[in-house]
Amino acid sequence: MSETRRVLSAILAADVVNYSGLMGGDEAATLGTLNTYRAVFRSHVSGHGGRVVDTSGDSVLAVFESVVEAVEAGIAVQKEIAEQNKALSAERQMRFRIGINLGDVIEQEDGTIYGDGVNIAARLQSLAEPGSVTLSESAFGFIEGRVDSSFEFAGEFEVKNIIKPVRVYKLNMDTPTDPAASSVESLPERPSIAVLPFSSVSADSEDEYFADGIAEDIITELSRFKDLVVTARNTSFQYKGRSVDTREVSHDLNVRYLVEGSVRKGGARVRVTATLVEAETGSHIWAERYDRTLDDVFAVQDELTGKIVATLFDKVSDNERRRALSRSDGCENLRAYDLVLKGRQLWSKFTKTDNEAARACYLKAVELDPDYGRSYASLAWSYIMSYDEYWSDSPQNDLDEALKYALKGAEIDSSSHTPFLALGWVYYLRKDLPRSLDAFERAMDLNPNDPDCHTFQAMALAVSGHGEQALELLDQAFSLNSNLTPWHRGTYIGVYMILERFQEAVDVFERIDNARIPYYRWAAASYAHLGDLDKAKECAQHYLARYPDFDLEVHLERMPFTHHADGELYAAGLKKAGFGGGLKAVASGS
C-alpha cells in the first residue's frame, strides 16, 4: 500500500470548454490542439515551480508550493492559448477554464493528489469564464498586491459535496469599454441576490433582533432554491445601519437583485415591509407590506419568512424568464442556466414542435454544464410532456427516458428539490404512488417554500385516497403565495372531485381564467355528477377539440388511482359527459 501525506498546496484545475462539441466537429484536429495546449500548460506550470499531476480526458490538474506562482502560471497559460487561438478558425478555437485553490491535499507516494482542496479547485474551474481564472478566498488572500493582474469578488457559491459556500474571485482579463457590460458579464450564471439587513423603525432596541431574525431567515430559506446564488449573511450584513445606494451595493456584492425591508412594532402588532430591486436598472420589481399581531413572535417570524421567500422567488423567476425572452442571440451563445430558461419558455407553449426545441436547449445545457441538475429535470419534463400529449409512438420509452433523466438530476444535485419534483411526477405517471409520494416528500423537505412541492404532492395524495390531506397542502401553497398560477388553483378541481365535493370543484373551475386543458376533464366529471350535463358536455367538447383522438379506455388505464372506487367515480363522470363517444358524439348530444 502506497504511503500518503497531507500537504498545504496551491491546486490548479483546468478543463476545456465545449470539448464534446469540438470532438463532434473534428476529432483529429481537436486532439491535436489539445496536445499542443497541454504542452503550454506543462511549460508554464514547470516554469513557475509547479508539477502537472494529471491530464486525463480534457482536463489538467497541477500543484504548486506557491499560490502566487500558481496564479501567474494560470494567467500565462490563458494569455498564450488566447494568442495561439488567433491562428485557428472560430469553430476550432479551444478555450480553457481555470480554477485555483489553496487547500489541504492528500498526496500519495506516486504524486497523485486528492481531497477537498482538489474538489474545490475543480468546482472553481467550472465557475470561471472561458479563457479566464477563478480563485478561492484562501488563494486570493495570498496573491492580493503580489500579481499584476486584478481579481474581483464574484460572490459566494454552493459547491457540490462541500459543506460551506465558497467565496469566489474572478480575474479581470481585460477592461471592457462599456462598464455596464462588464457588470452584467461578471455576474454569476444563475440569478444572484443579496438580502440587506432589515431596518427597525421602532423605538425599542429589542425590536432590532426581530428585524435581524427576519432578514437572516429569508437568507436561509432563499438558499433552498438552488437556482439562486444567495449572498451569505456575514457579507450582506456589513451594510447594517448604513444608508446605501442599491447600485453600488449590487456592484460590490456582484448581485443582480437586492432585497430591502423594514420592521415596525407597536404594542401587540408588527408591520413588515419587503422590497425586491433589480440592481441593473434600479427598478422595484415587487414590494409588499405585512401586518400581524404578535401572539407568538416566532410563529409570526416563520409565517412571514415563508410568504416573503415564496413570493420573492416567484418574482425573480418571472423577471429571469423575461430576460431570457428578450435575448435575440441563438442558443449557441447562451449559458446553461439561460438555455434552461429559454427551454422552459418553449416547453410551456405545449406544442410538439416547441417541446422538441425545448429538449434541444436542455441537451445543450447538459453539454455545457453536466453538473447542473435542473437541466436533467427539465429533460425529464420534456418526455413527460410527450407522454401526456400522446406525441410519441412509444409512450413507454417516454416514461423510461423521463425516469432516467429525473434520477440523474436527483443524483447530481441531491440537495435541490427541483429534480425530485420531476422524479415524483414520473413515478405518478408510472402508477408507482409510494415512490411518487416519497419523492415529493423529499422535495418538500428540501424546500418547503416552493408551492409547487405542495401542489404536486396534493395530487398524488388525492389519487392515493388522502383527499383531505391534499386540500390542506393546497391551502398551504396559497398561504405562501396567493397569486399562484391557474395550474396550482386547478388542482383543487381534481381533489374536490375525488372527494365527491362536486359543487366546490365546479366553483373553483368557474373562477379560473384560462384554466389548463386537463382540468376540463375533472370539471366535466364534476358537472356530470351534479346532473348538469349541458356544462359537462361543454367541457368535454372543449377538451376533445384539443384532443380529437382521445381514447377513454387508454386514458383510464393510465390513471394511477389507488382505490378502485375513486377510479370508477372518475370514469363514470367522464362517460356521462360523453368522453367515451369522442368529439362527434358530444357535439351531437348523444
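Residues numbered from 1 in each chain as written. Predicted model: local features only at pLDDT ≥ 70, side-chain atom pairs only at ≥ 80, totals over all residues. Heavy atoms only, no water.

Peer 1: Mind showing me how you'd approach the overall build of the protein here?
Peer 2: Check the secondary structure of the protein and you find 25 helices and 14 strands. In the protein, which comprises 590 residues, the proportion classed as buried is 54%. Expressed as a percentage of contacts within the protein between residues at least 6 apart in sequence, the contacts between residues at least 24 apart total 64%. Of the accessible surface of the protein, which amounts to about 26,700 Å², a share of 46% is contributed by carbon and sulfur atoms. (Helix = DSSP H or I, 4+ residues; strand = E, 2+ residues; numbered from the N terminus. Buried < 20%, exposed > 50% of the residue type's maximum accessible area, 1.4 Å probe, protein only. Contact = heavy atoms within 4.5 Å. Areas by Shrake-Rupley, 256 points an atom, 1.4 Å probe, with all protein chains shown as cover.)

Peer 1: Teacher, can you tell me more about the packing of helix α13 (residues 373-388) against helix α15 (residues 418-429) here?
Peer 2: Helix packing for two helices is described by the angle between their axes and how far apart those axes are. For the pair α13 and α15, interaxial distance at closest approach is 8 Å and the crossing angle is 25°. For the element pair α13 / α15, the angle class is roughly parallel. Where α13 crosses over α15, the two elements pack in a sense that is left-handed. Where α13 abuts α15, its residues Gly373, Arg374, Ala377, Ala380, Trp381, Ile384, Tyr387 and Asp388 lie against Thr418, Pro419, Leu421, Ala422, Trp425, Val426 and Leu429. (Axes fitted to C-alpha atoms, helices over the stretch in contact; angles between N-to-C directions. Parallel < 35°, antiparallel > 145°, perpendicular 65-115°, else oblique. Left-handed = near helix turned anticlockwise from the far one by under 90°.)

Peer 1: Explain helix α12 (residues 352-368) to me, please; I cannot follow it from the model alone.
Peer 2: Each α-helix winds once per 3.6 residues, and so residues spaced three or four apart point in a common direction. Compared with an ideal rise of 1.5 Å per residue, which puts 17 residues at 24 Å, α12 spans 25 Å between its outermost C-alpha atoms and is within 8% of the ideal. By the burial criterion, the buried members of α12 are Asp354, Asn355, Ala358, Arg359, Cys361, Tyr362, Ala365 and Val366. Mapping the buried residues of α12 onto a view down its axis gives an arc of 160°, with all of them on the same face. Taken together, the buried residues of α12 touch α11 (336-347) and α13. (Expected span 1.5 Å × (residues − 1). Arc of directions from axis to C-beta.)

Peer 1: How do you make sense of the environment of serine 415 when you look at a structure like this?
Peer 2: With respect to the helices and strands, the residue serine 415 is situated in the loop between α14 (395-412) and α15. Here serine 415 falls in the partly exposed class, since its relative accessible area comes to 35%. For the pair serine 415 and phenylalanine 225, spaced 190 residues apart in the sequence, the C-alpha separation amounts to 9.6 Å. With near-sequence residues (within four places) excluded, serine 415 lies in contact with Lys226 and Leu446.

Peer 1: Would you take a moment to explain the pairing of strand β9 (residues 192-195) for this structure?
Peer 2: Side chains on a regular strand alternate between the two faces of the sheet. The side-chain alternation of β9 yields two buried faces, one formed by Ser192 and Ala194 and the other by Ile193 and Val195. The pairing of β9 with strand β11 (residues 229-230) spans two bridges and is classified as parallel. Residue pairing for β11: isoleucine 193 is matched across the bridge by valine 230. Across three bridges, the pairing between β9 and strand β12 (residues 257-266) is parallel. When the sheet's bridge partners are listed, valine 195 is paired in β12 with valine 259. (Pairing = 2+ DSSP bridges.)

Peer 1: Explain unusual backbone geometry here, please?
Peer 2: Residues apart from glycine generally show negative phi values, whereas peptide bonds are mostly found in trans. Its identity as a non-glycine residue notwithstanding, tyrosine 390 has a phi of 60°, on the positive side. Here tyrosine 390 lies in the loop between α13 and α14. Judged by relative accessible area, tyrosine 390 falls into the partly exposed class, the value being 37%. The phi dihedral of lysine 431 falls on the positive side, at around 65°, and the residue is not glycine. For lysine 431, the location among the structural elements is in the loop between α15 and α16 (433-446).

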